[in-house]
Every structure is written in structure tokens, then in C-alpha cells.
Amino acid sequence: MNLILVAFGLVALLVGGDLLVRGAVGVARRFGVSPLVIGLTLVGFGTSAPELVTSLSAALAGAPAIALGNVVGSNIANILLILALAALIRPVSAQMAGLPREAAWVGGSALGLAVLAVAGQISFVAGIGHLALLGVYLWGAFRSSAVPAHDVDIPTDPLPKAAMFLVVGLALTIGGAIALVDGATGIARAYGVPEAVIGLTLVAVGTSLPELATTVMAARRGQSDVALGNILGSGIFNILGILGTTALFAKLPIESSLLPDIGVMLATTAVLIGLLFWRRAISRVSGLVFLLLYAVYMAWLSQTF
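Basis of the calculations
- Residues numbered from 1 in each chain as written.
- Predicted model: local features only at pLDDT ≥ 70, side-chain atom pairs only at ≥ 80, totals over all residues.
- Heavy atoms only, no water.
- Patch = residues over 30% accessible without salt bridge, like charges linked within 9 Å, V, L, I, M, F, W, Y side chains within 5 Å.
- Areas by Shrake-Rupley, 256 points an atom, 1.4 Å probe, with all protein chains shown as cover.
- Salt bridge = Lys/Arg side-chain N within 4 Å of Asp/Glu carboxyl O.
- Helix = DSSP H or I, 4+ residues; strand = E, 2+ residues; numbered from the N terminus.
- Axes fitted to C-alpha atoms, helices over the stretch in contact; angles between N-to-C directions.
- Left-handed = near helix turned anticlockwise from the far one by under 90°.
- Contact = heavy atoms within 4.5 Å.
- Nonpolar A, V, L, I, M, F, W, Y, C, P; charged D, E, K, R; others polar.
- Phe/Tyr/Trp six-rings, centres within 6.5 Å; stacked < 30°, edge-to-face > 60°.
- Buried < 20%, exposed > 50% of the residue type's maximum accessible area, 1.4 Å probe, protein only.
- Parallel < 35°, antiparallel > 145°, perpendicular 65-115°, else oblique.
- Polar contact = N/O pair within 3.5 Å; in protein donor to acceptor, adjacent residues only side chain to side chain.
- Core = buried A, V, L, I, M, F, W, Y, C linked by side-chain atoms within 4.5 Å.
- Expected span 1.5 Å × (residues − 1).
- pLDDT = per-residue confidence, 0-100.

A. Geometry of a nonpolar patch on the surface. A surface patch of nonpolar side chains, amounting to about 610 Å² of accessible area, comprises L60, F124, V125, I128, L248 and F249. Those elements giving two or more residues to the nonpolar patch turn out to be α6 (124–143) and α10 (224–249). Note that L248 resides in helix α10.

Right, here's the structure in full:
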């Protein structure tokens, strides 16, 4: 039954995430919302909706390690797995005008989480601070003319159809997240696998499927800014938005076993930022190296239980 729940949850998250983004974009377009706002919020953050619902469900279900592991593991997978696959399809150029600003925010968010990890928990007050910083980020992004107003090639549906996609996508995302958390928690407890490891691997990769679909689609069409912007935007939202929101409803103690993984996330983010400014692109060779590093990381995790 746990395996069935996990399988259903992964499929529901993939389908629901796609419908949620498509429906949200369709509704926004019909109401005249600009492509910039759509790209920064509904596409970049919309693909992180599964992580939000999954982390919140896990925390409320008494499994904060899955919630934290999901965010940390998703940020690692976004760079070493998803961006790597996109680069193998077509090198990802880093010529976006707003790159310094986006890089500063994604790096600062990762560093802030590392500081909280040393403190031992993400409190209610810290959650409010996270959401306040997210508000500052969005306000600055909307005001900055340096941020490119790229749009993602998502079909423009009639308003009733877009609204239906939005509602069905949200329902599937919520239902899939609950099923995935229940199934993953059951597997962890049945086989003695730490919940943090399940969150870092199965749950993290599963909830990152919308980012995978969007980023690979953008790479195939040569939209490097969309592919890279989706990864950077998701990284910012995962930490500031997801952990901030989750901390409002449940305390998030950070287990010492997660500290090495947070270190990996911080190092991975630093390498990505350095590569973007040094080479101004993620080449196929870099993508292959990222994939190998992710395989090493997965092998290392398998030795922790």
C-alpha cells in the first residue's frame, strides 16, 4: 500500500503541477497580467507548488525531517540533476541581464538556511522573516527593468478551461503530496530508513518533476533564460517561501544529520554561481560533471542508513 501511495503521489504531482502552471498562466493572461509577473510567480514559483504542499503536509504530520529534506534535496537536485539534464540537451547560456541580482538572492537564501541550521531550528519568527524577504525579492523583481520579461510557451486556453485546469491541478497537487508523504513515511518506518533520507531523495526528486519538465522544455527550445531562471527562482522560493510558510504552522527542528546535506546544498549553489559568472554558461561538459556529482551524492546517502 505504501508503494501504491508513493506511485500515485508522484504521478499526481507531475500531472497536477503541469495543470496548475498551465491553468494559472491561462487565467493570468486572460486578466492581462504581464509576462514578467507570470514568469516570476506562476511559472517559477508554480513549479514549486508540490514542494510547498508536500513540506507543509509532512510538517503537520509530525515528520519535519521530510519537510526540510524535501527543500534541501530539491535545491540540490534542481542544480545537479535538472539543470544538468537541460545542459546536456543544449548548453544553457547565462546572459540574462538580472543574473547578479538573482544569484545574490539564491546564494543568500542558501547561506541563511545554513546559519539557521547551526542554530538548530526554523522558528515561527524566522518563518515570518523568510516570507518578508520573499516579499522584498518579488517587489524588487517587479520594479527592476533589468529582469527579462520572458514568457514560457504554454498554450493560452479559454478562461473556463484555464480555471478548470487550475482547480484540478491544485487538487491533484495537494492529493499527490499527501499520498507521497504518507507512503514515503510508511516505507521509511518499515525499513528503518531515516525520514530525512527519504525527504532528500524520493520526495525531493518527485516534487521536482515540474521543474524538470519546464526546464528541459525551455532548454530544447533554446530559452536559456527561462531554463536558468526557473532553477534560480525555484531555489529562492523553496527556502524563503516553502520553509517560511511551513514554519508558521509547525516548528522545524533541524536534525544534526541534515547538516552535511545543507553543506552540500550550499557548496552546490556556490559552484553554480561561480560557474555562471566565470564561464557565462552551463556547457554539456559541466552538465555531465553535475550528473556525476549527483550520482556520487546519492551513493553517499545510501551509505547513511
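B. Inspection of the packing of helix α4 (residues 64–89) against helix α12 (residues 284–302) at higher detail. The geometry of α4 relative to α12 is characterised by a closest axis approach of 8 Å and an angle of 145° between their N-to-C directions. Crossing of α4 against α12: the hand is left-handed. Here I76, A77, I79, L80, L81, A84, L85, A87, L88 and I89 of α4 lie close against α12, whose contacting residues are R284, G287, L288, F290, L291, L293, Y294 and Y297. The residue makeup of the contact of α4 with α12, split by class, is 16 nonpolar, 1 polar and 1 charged.

C. Inspection of the packing of aromatic side chains at higher detail. Applying the stated rule across the entire model yields 3 aromatic pairs. With centroids separated by 5.3 Å and ring planes inclined at 65°, the aromatic side chains of W105 and Y137 adopt a geometry described as edge-to-face. Here the residue W105 occupies a position in helix α5 (residues 99–119), and Y137 occupies one in helix α6, the gap between them amounting to 32 residues. Taking relative accessible area as the criterion, Y137 reaches 1% and is therefore assigned buried. Of the aromatic side chains, those joined through ring pairs into one cluster are Y294, Y297 and W300.

D. Seen up close, the packing of α5 against helix α11 (residues 259–279). Relative to each other, α5 and α11 sit at 165°, their axes nearing to 10 Å. Taken together, the axes of α5 and α11 lie roughly antiparallel to each other. Where α5 crosses over α11, the handedness of that crossing is left-handed. Contacts between α5 and α11 involve L99, P100, A103, V106, G107, A110, L111, L113, A114 and A117 from the former and L259, I262, M265, L266, T269, I273, L276 and F277 from the latter.

E. Molecular detail of the side chain of S55. Checked against the element boundaries, S55 lands in helix α3 (residues 49–60). For S55, a relative accessible area of 1% puts it in the buried group. Looking at S55, its side chain comes within polar contact range of the side chain of N70, at 3.0 Å. The contact partners of S55, leaving out residues within four places of it in the chain, are A67, N70, V71, I242 and T246.

F. Broad picture of the nonpolar core. Ranked by internal contacts, the top residues of the largest apolar core, which has 75 residues, are I122, L228, L252, M265, L272 and I282. Sorting elements by how many residues they give to this core places α4 first, with 15 residues.

G. A look at α3. With 12 residues, α3 ought to run about 16 Å at 1.5 Å a step, and its terminal C-alpha atoms sit 17 Å apart, in line with that. Across the 12 residues of α3, 9 count as buried, placing the element largely inside the fold. Here α3 has its buried residues at A49, P50, E51, V53, T54, S55, S57, A58 and A59. Remark: G62 follows α3 within two positions and exhibits a positive phi of approximately 80°.

H. Fine view of the confidence of the model for the protein chain. In the predicted model, the protein chain carries a mean pLDDT of 81, and 85% of its residues have values of at least 70. Taking the mean pLDDT of every element in the protein chain, the minimum, 56, falls on helix α2 (residues 35–43) and the maximum, 92, on α11. Scored below 50 in pLDDT, residues 145–152 makes 25 contacts in the model with residues more than four places away or belonging to other chains.

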